[in-house]
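Now for the letters of each chain:
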Amino acid sequence: MATTVWKGHLTFGLISIPMRMSAAARGERISFNQLHNVCHSRLKQPLFCPVCNRNVERSEIVKGYEYEKDQYVLFSEEELDKIEPSSAKVMEILEFVKLDDMDPLYFDSSYYVAPEDAGVKAYKLLLSAMQQSGYGAIAKLTMHQREHIVILRPGSRGMTLHTMFYSNEIRAAESVPTDKVELKDQEKKLAQQLIESLAAPFEPQKYRDEYQENVKAMIAAKLKGQEVTEVAQPHMAPVIDLMEALKKSLAEKQAPAAAVASEGAAPAGKKPPARAVQPISSVQKRPGKKAAG
């Protein structure tokens, strides 16, 4: 079961729903440790006090805000707890907004929201009402010493919650001078045809992180004493004639489909070329040796 990151009540009107939140997604990536290039020992970064000239334990740490150079005002955890707003325990819905009006640019982290046993019926009522109306709920939530503005959305298996950036955190986009550019009808038609040739249902499971796969393959190759194969990079030629580039792009997308339709299945026994080192899901440690990371 996923770890609960927040527990409290969701309220709207006079209805109160006890609930819990858990992270909906977590980035996965291969990380490397920093080693000393002489002895290959892993380097450490201890908490060190330059005045006392010694390492300090975490129990000796206090939080401080630097209001002037090297001048701090200190705070204890108890003092920080005293100023927590009500949204630390109660997530009150402030308003409902049409989900179609929400700009995904504001979305930050995603969470699953599930009710406690006492709140299942009210949770289902709110979920059903939002599904039928197309509305999402805007609320405030305090966790990790910050008050977040959040949006709750109905999903097929329950509610999801997204912390959002505040408007002052969104950086302004650079203006692109497109108003002086003239587009021909034929260019717009070809661009539309190219989009339609690449159109497909959204299936997130078919997308992969090829860089991480290549890192795994490189680790496997290194462990076997093999050379690392360089990945071929595409040659990006500047677009001189936009119309010609659109025509060529469309022709390249249509050619494979036409070839499959005319020739049928590929000849039996012919296999696609294999990589010298295939990506692996995990690298086994050698007995008696500790992996560096």
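Residue numbers restart at each chain and count upward from 1, following the sequence in its written direction. Only residues with pLDDT of 70 or above have their local features reported here, since the model is predicted, and side-chain atom pairs are shown and tallied only from 80 upward, although totals for entire chains, interfaces and linings are computed over all residues. Computation of side-chain values covers all heavy atoms of the structure but excludes hydrogens and water.

### Quick notes on the overall build of the chain
At step 1: By definition, any uninterrupted DSSP run of H or I lasting at least four residues is a helix, any uninterrupted run of E lasting at least two residues is a strand, and each is numbered from the N terminus. Counting its regular elements, the chain contains five helices and 11 strands.
At step 2: Counted over contacts in the chain with a minimum sequence separation of 6, partners at least 24 positions apart contribute 63%.
At step 3: Total accessible area on the chain stands at roughly 23900 Å², and carbon and sulfur atoms take up 54% of it. When checking whether two residues touch, look at their non-hydrogen atoms; a contact exists if any pair is within 4.5 Å. Every accessible area reported is derived by Shrake-Rupley at a probe size of 1.4 Å, with residue values counting cover from the shown protein chains alone.

### Topic: the sheet that holds strand S10 (residues 146–155)
At step 1: Two strands pair if DSSP finds at least two bridges between them. Strand order in the closed barrel formed by seven strands is S1-S2-S8-S11-S10-S9-S7, and the pairing between neighbours is mixed. Direction aside, the axes of adjacent strands within the sheet are offset by 40 degrees on average. Fitted lines through C-alpha atoms serve as axes, helices being fitted only where they are in contact, and the angles separating the N-to-C directions of these axes extend from 0 to 180 degrees.

### Regarding the environment of Glu169
At step 1: On the secondary structure map, Glu169 appears in the loop between strand S11 (158–164) and helix H3 (185–198).
At step 2: Considered as a pair, Glu169 and Tyr106 are 63 residues apart in the sequence and their alpha carbons are 9.0 Å apart.
At step 3: At 2.8 Å, the side chain of Glu169 and the backbone nitrogen of Tyr166 are in polar contact. What qualifies as a polar contact is a pair of N or O atoms within 3.5 Å, subject to a donor-acceptor requirement within protein and to the restriction that residues adjacent in sequence count only when both atoms come from side chains.

### Structural notes on the pairing of strand S6 (residues 71–75)
At step 1: Pairing of strand S5 (residues 63–68) with S6 involves five bridges; the strand directions are antiparallel. Within the sheet, the bridge partner assigned to Glu66 lies in S6 and is Tyr72.
At step 2: Between the end of S5 and the start of S6, which pair antiparallel, lie two residues, with Asp70 showing a positive phi angle near 65 degrees.

### Topic: the pairing of S10
At step 1: Of the strand pairs in this sheet, strand S9 (residues 135–143) and S10 are connected by seven bridges, and their pairing is antiparallel. Pairing of Lys140 across the sheet is with Ile149, part of S10.
At step 2: Two successive antiparallel strands, S9 and S10, enclose a turn made up of two residues, where His144 displays a positive phi of approximately 55 degrees.
At step 3: By the bridge criterion, seven bridges tie S10 to S11 in an arrangement that is antiparallel. Bridge pairing in S11 places Ile151 opposite His162.
At step 4: With antiparallel pairing between neighbouring strands as the criterion, S10 and S11 make up a hairpin whose turn holds two residues.

### Quick look at the packing of aromatic side chains
At step 1: For this analysis, a ring pair means two rings from Phe, Tyr or Trp (six-membered ring only for Trp) whose centres lie within 6.5 Å, classed as stacked if their planes differ by under 30 degrees, edge-to-face if by over 60, and tilted for the remaining angles. Scanning the model with the defined rule gives zero aromatic pairs in all.
At step 2: The side chain of Lys98 reaches across the aromatic face of Tyr135, ending 4.6 Å from its centre. The criterion is that NZ of a Lys, or CZ of an Arg, lies within 6 Å of the ring centre and within 35 degrees of the ring normal, and then a charge sits over that ring.

### Here we look at the pattern of salt bridges
At step 1: Salt bridges are identified by distance alone: a Lys or Arg side-chain nitrogen within 4 Å of an Asp or Glu carboxyl oxygen. Applying the stated criterion to the full structure yields nine salt bridges.
At step 2: With a closest N to O distance of 3.8 Å, Glu116 and Lys7 form a salt bridge. Of this pair, Glu116 sits in the loop between strand S8 (107–115) and helix H2 (120–133) while Lys7 is found in strand S1 (residues 4–12), placing the two residues 109 residues apart along the sequence.
At step 3: Categorising residues by exposure relies on relative accessible area from a 1.4 Å probe, with only protein chains included: less than 20% of the type maximum marks a residue as buried, more than 50% marks it as exposed, and the intermediate range marks it as partly exposed. On the basis of relative accessible area, Lys7 is assigned to the exposed category, the value being 56%.
At step 4: One salt-bridge network, held together by shared partners, links Lys7, Arg20 and Glu116.

### Some details on H2
At step 1: Expected helix span is taken as 1.5 Å per residue step, with the number of steps being one fewer than the number of residues. Here H2 contains 14 residues, and its C-alpha end-to-end distance of 20 Å stays within 8% of the 20 Å for a straight helix at 1.5 Å per residue.
At step 2: Among the residues of H2, those classed as buried are Tyr123, Leu126, Leu127 and Met130. The buried residues of H2 all sit within an arc of 100 degrees when viewed along its axis, so they share a single face. Residues of H2 that are exposed and point more than 90 degrees away from the buried face comprise Lys121, Lys124, Leu125 and Gln132. When we speak of the arc, we mean the arc of directions from the helix axis to the C-beta atoms.

### Some words on H3
At step 1: Its 14 residues give H3 an end-to-end C-alpha distance of 20 Å, which sits within 8% of 20 Å, the value for a rise of 1.5 Å per residue.
At step 2: For H3, the set of buried residues is Glu187, Leu190 and Leu194. All buried residues of H3 project into a common sector of 65 degrees when viewed along the axis, lining one side. Turned more than 90 degrees off the buried face of H3, the exposed positions are Asp185, Ile195 and Glu196.

### A short note on the confidence of the model for the chain
At step 1: The pLDDT averaged across the chain works out to 81; a share of 85% of its residues lies at or above 70.
At step 2: Values of pLDDT, the confidence the predictor places in each residue, fall between 0 and 100. Note that pLDDT drops below 50 for residues 268–293; the model gives that stretch 24 contacts with residues more than four away or on any other chain.

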